[in-house]
Every structure is written in C-alpha cells, then in structure tokens.
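Residues per chain, in single letters:
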Amino acid sequence: MNLGDSGTLSVLITDGDSLRANFMLEGPFARSDVDTTQNIVRAEYDFVKKGNRWTEHTMDRGIIDFEHLQIPEWADIEERFNREIEQQHYDDDDSIWNGLSEEETKKLMEDKRRQNIERHRRIETARRDKEKLLEERAKHLSKKVKAEGEPREKTIYAKADGWYRACVMASFNKITVEFEFRNGRELGGIDTETGHVFTCEKYEELKEQRLLDEDTAEDEPSIKAEDFQGVRDQIRELRRILNQISTMQNTARNRMKQHGKVSEHSQSKMRMDSLAVTVLFIVVSVYQAYTIQRWFSKGNMSLLGR
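Residues numbered from 1 in each chain as written. Predicted model: local features only at pLDDT ≥ 70, side-chain atom pairs only at ≥ 80, totals over all residues. Heavy atoms only, no water.

### Brief notes about a nonpolar patch on the surface
Filter applied, for reference: For patch building, the residue pool is restricted to those with more than 30% relative accessible area and no salt bridge; the joining distance is 9 Å between like charges and 5 Å between nonpolar side chains (Val, Leu, Ile, Met, Phe, Trp, Tyr). Here, Shrake-Rupley sampling with a 1.4 Å probe gives the accessible areas, and only protein chains in the shown set may cover a residue. Each salt bridge in this description consists of a side-chain nitrogen of Lys or Arg and a carboxyl oxygen of Asp or Glu lying within 4 Å of one another. In this text, helices come from DSSP runs of H or I with a minimum length of four residues, and strands from runs of E with a minimum of two, each type numbered from the N-terminal end.
A surface patch of nonpolar side chains, about 340 Å² in accessible area, is lined by Leu-238, Ile-241, Leu-242 and Ile-245. Here Leu-238 is to be found in helix H6 (residues 225–297).

### Digging into the sheet that holds strand E1 (residues 6–16)
Heads up, the rule is: Note: two strands are recorded as paired if DSSP finds a minimum of 2 bridges between them. In this description, a line fitted to the C-alpha atoms serves as the axis of each element, helices being fitted only across the stretch in contact, and the angle between N-to-C directions of two axes falls anywhere from 0 to 180 degrees.
Read from one edge to the other, the open sheet built from three strands follows the order E4-E1-E6, with strand pairing classed as antiparallel. One side of each edge strand has no neighbouring strand; the edge strands of this open sheet are strand E4 (152–157) and strand E6 (175–183). Between one strand axis and the next, the sheet turns through 20 degrees on average, direction left out of account. As defined by bridge partners, E1 adjoins E6 across nine bridges and the pair is classed as antiparallel. By the bridge assignment for E6, Ile-13 is matched with Val-177.

### With respect to the packing of aromatic side chains
The description of two aromatic rings rests on the distance between their centres and on the angle between their planes. What counts is decided by this rule: The criterion for an aromatic pair is that two Phe, Tyr or Trp rings (for Trp, the six-membered ring) have centres within 6.5 Å, with stacked assigned to planes under 30 degrees apart, edge-to-face to planes over 60 apart and tilted to the rest. Think of it in three bands: residues with accessible area under 20% of the maximum for their type are buried, residues over 50% are exposed, and the middle band is partly exposed, with areas taken using a 1.4 Å probe on protein chains only. By definition here, charges over rings are those cases where NZ of Lys or CZ of Arg is within 6 Å of the ring centre and within 35 degrees of the ring normal.
All told, the structure shown has one aromatic pair when counted by the stated rule. Note on Phe-29 and Phe-47: the rings are 6.4 Å apart at their centroids and 65 degrees apart in plane angle, and the pair reads as edge-to-face. Linking Phe-29 in strand E2 (residues 20–30) with Phe-47 in helix H1 (residues 37–49), this pair joins segments that are 18 residues apart in sequence. The exposure class assigned to Phe-29 is buried, which follows from its relative accessible area of 6%. Over the aromatic face of Phe-47 sits the side chain of Arg-53, whose NZ or CZ is 3.8 Å from the ring centroid.

### Description of the layout of surface pockets
Which entries qualify depends on this criterion: We place a 1 Å grid over just the protein atoms. Points where a 1.4 Å probe fits but has no way out form a cavity, open points with protein on both sides within 12 Å along at least 5 of 7 lines form a pocket, and any residue with an atom within 4 Å of a point lines it. Grid points are joined across faces, edges and corners, and a volume is the space filled by probe spheres set on the points. Each residue receives one of three labels: charged for Asp, Glu, Lys and Arg, nonpolar for Ala, Val, Leu, Ile, Met, Phe, Trp, Tyr, Cys and Pro, and polar for the others, Gly being one of them.
For the largest pocket, the calculated volume is near 1,400 Å³. Lining the largest pocket are 37 residues, and of these Glu-150, Pro-151, Thr-199, Thr-247 and Thr-251 sit closest to its centre. By residue number, the principal contributor to the lining of the largest pocket is H6, which donates 13 residues. Broken down by class, the residue content of the lining of the largest pocket amounts to nine nonpolar, 12 polar and 16 charged.

### Structural notes on the side chain of Thr-58
Formally: Any pair of residues with heavy atoms lying within 4.5 Å of one another is described as a contacting pair.
In this structure, Thr-58 sits in strand E3 (residues 58–65). Apart from residues lying up to four places away in sequence, Thr-58 is in contact with Leu-25, Glu-26, Gly-27, Ile-156, Tyr-157, Lys-159 and Tyr-164.

Function-wise, these values are silent; they only describe arrangement.
As structure tokens, this is what we get:
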C-alpha cells in the first residue's frame, strides 16, 4: 500500500466450535522495495520479534463475533422506564391536613398541585423517551438481523508506503474463516454506501457500467440512438439486479450456516449445563446419605426420643 491508500479487511466465520475470532490489521511491516517472499518473511520477523519500526505505524485490532446478537445498550428499556415511574410515585397522606389553618391549607394545596403537574410532566417525558428508545432498538435489531450472514469489515488508511498484513486468529478451538484484504487503489477507492473499499463484484459491476457508457450507436447506423440508450439502460439494470440476487443468495446461505452452528453451540451448552446440574445433585445426595449414615453409626439413636 502507498501513503493515503485505503485497505479493507473482510472476515466471514462459517464454521467452528465458537464463531468468534480476533483480528489484526497493521503495517507497514516491510518497505515497498521488498519484492521476494524470503525478504518479506525476514522483514516480518524483524517487525514482530525485534520491533523494527522505521516510520509511522498503523494498527487496528479487535474481536469479530458472529455468535451473539448484541443489544446491551437497549436491553433494559422497560426496567428503566418502570424505575422512573416508581421514583415519581408518592403517598398522599391525609393526616398532614389535620390542624392546619385555612391559609396553610391553601398553600399546601397549591404545592400539591405544582408537584402533580411536575410529576405528570416527568412521566410524559419518560414515556416519550421510552418510545424513542424502543424505535431505535427496533432499527438496531433490523440492522443486526440484516447484517447476519454478511462479512464483518474493517478499514484502515496507510500512513506510510510499505507492505501491510492482516491476520485472523481463533479466540479458542478451531474455526473456518473466509477473509480477504482489499486495496482501495486497485479496486476504485471507497464505496460511499458502506464506507469500505469496493468489493471485487462491485468493482466489476462499475467497470461494466463504464464500458456500457462508453459504447455508442455510431458504429451501427441501423440502430436509433434512443433505442440503443433504452437497451443499454435495461442491460445495466439487469446486471445490477443479477448482482444483487447473487449477493442475497450468498448472504442467505451464510446466514443458514451460522444459525445452524449457533443452534448446535446452544444445544451443547444446554447439555453441559444439565450434566453439571445432574452431577452436582448426585454429589450432594451421596454426601447427605453418607452424613446420615455416619450420624447413626455413632450411636445417636437415643437423640430421637422414645
């Protein structure tokens, strides 16, 4: 990658005991003039083991999780709303009115009226906030479900010329991973819809569209310009729809694989939990039986009475 280039790491975990992995995207670890495999391996060794740094370094790392649908920030909306309502609740004790003068009674009634207005205002505010958060959670869930089966992507920008590397490592156990590292300079830059480098499929689609735009009806006198334009637009739209269908099919296929693996993992966890509970119950029962037998063997029958 050259200075200012964009690079996108795309990762899709399709199989494994846990659909989780750690990723790392960093560089440059070797200079641009390194051109042989042996020299690249040596440069990576110096970079990792010896900490060889000669320019500004770029790194992004984290966890990619296909196992859980995470919505922690919106998980307790109802509970928070109920707590807010409870805080606005108060007990109206009629005993406080006893022995008050007419002027004190009027003042207290006015205070109560203002308190009720303020309480109702806070409750309405809390209710509106709750409805807004529920709408945001629904959008969040829709986005997360739609993204299931699609690869997770991370993009960095090169701060210096050189070789960059991408690595995906299992958190534990074995996983099956499909990943690619796309260079924006080679694939036409950043897709404004996704914020990442264009995929190879999208790049080929854009290239075909440019070829269609450059083609004209001048070489075919028998074809009218408006007819040619109509056919070209239909071909462009047909190509776009075919690419969209292919992408949706791949996404649905990957989603089914991931859901199947997540179901297997859930069943395995349930079996292990049930087995642990059963073993614990047996251990406790055996210990209780042993304790009772030991208690009777020590001649404690007289404690039971006649």
